[in-house]
Amino acid sequence: MTGRHYVACTVMAKDEKGRIAFLVKKKEDGFILPTSRIEHNKTGMACIIENLKEVLTLNVSNLELSELTNAVVKEESIPLFVFTYSNEETKPLQDLLKKEAFSWQYSETLYHTLEDWQFTGVPQF
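Below is a summary of the structure that appears in this document.

Conventions adopted
- All residue numbers refer to positions counted from 1 along the written sequence of the respective chain.
- Where local features are concerned, this predicted model is filtered to residues with pLDDT of at least 70; where side-chain atom pairs are given and counted, the filter is 80 or more; whole-chain, interface and lining totals use all residues.
- Hydrogens and water are ignored here; the side-chain numbers use all heavy atoms of the structure.
- By definition, any uninterrupted DSSP run of H or I lasting at least four residues is a helix, any uninterrupted run of E lasting at least two residues is a strand, and each is numbered from the N terminus.
- Burial status follows relative accessibility: with a 1.4 Å probe on protein chains alone, a residue under 20% of its type maximum counts as buried, one over 50% as exposed, and anything between as partly exposed.
- Put simply, a salt bridge is a Lys or Arg side-chain nitrogen that is within 4 Å of an Asp or Glu carboxyl oxygen.
- Buried Ala, Val, Leu, Ile, Met, Phe, Trp, Tyr and Cys residues form a nonpolar core when they are joined through side-chain atoms within 4.5 Å.
- Two residues form a contact once any of their heavy atoms are found within 4.5 Å.

1. Digging into the overall build of the protein
Each helix and strand in the protein was counted, giving two helices and eight strands. Counted from the first residue to the last, the protein has its helices and strands arranged as β-β-β-β-α-β-β-β-α-β. Taken across its 125 residues, the protein has 41% of its residues classed as buried.

2. Looking at the pattern of salt bridges
Counted under the stated rule, the structure contains four salt bridges. Residue E108 is joined to R19 by a salt bridge in which the shortest nitrogen-to-oxygen separation is 3.3 Å. Of this pair, E108 sits in helix α2 (residues 107-113) while R19 is found in the loop between β1 (6-14) and β2 (20-27), placing the two residues 89 residues apart along the sequence. Between K42 and E39 there is a salt bridge; the shortest N-O distance is 3.5 Å. When its relative accessible area of 26% is taken as the criterion, K42 is described as partly exposed. By relative accessible area, E39 is classed as partly exposed at 39%.

3. Here we look at the nonpolar core
Among the nonpolar cores identified, the biggest contains 22 residues, and V11, L23, L52, L56, L63, F83 and W104 are the most heavily contacted of them. Setting aside chain neighbours within four positions, we find F83 in contact with C9, T10, V11, M12, M45, I48, I49, L52, L63, E64, L65 and S66. One finds F22, A71, I78 and L80 within the second-largest nonpolar core, a separate group that totals 13 residues.

Put into structure tokens, the structure is as follows:
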């Protein structure tokens with residue numbers, strides 16, 4: 001993954017019990033933040049939004065950008081977009097997922113997911 005060619009994101013949303021969960025992608029040994037390859041004729045934000053449309057059933061106009069920071073993974077710089085979603089319908093978060101490769105996880109899992117990431121700014125999760 002080359003930083004100039006990828007962007008990462010997560011979505012923060014409240015579950016039915018009011019706990020904040022984060023959108024992550026499953027992998028064999030845990031989770032990673034969702035990433036998108038930046039296409040030549042699109043911005044990083046546009047690529048992330050298109051990816052989220054493929055992954056989530058929610059209306060992306062209900063997402064609010066709450067944080068934009070830069071992460072360094074394996075010495076590569078990657079923009080990180082953090083969105084918030086108001087789950088006013090209090091649907092189970094799992095119902096918002098279109099693809100089984102994705103999951104909603106809580107902060108304790110997110111900390112383990114981000115162990116290999118360094119941030120140039122301090123994200124306000």
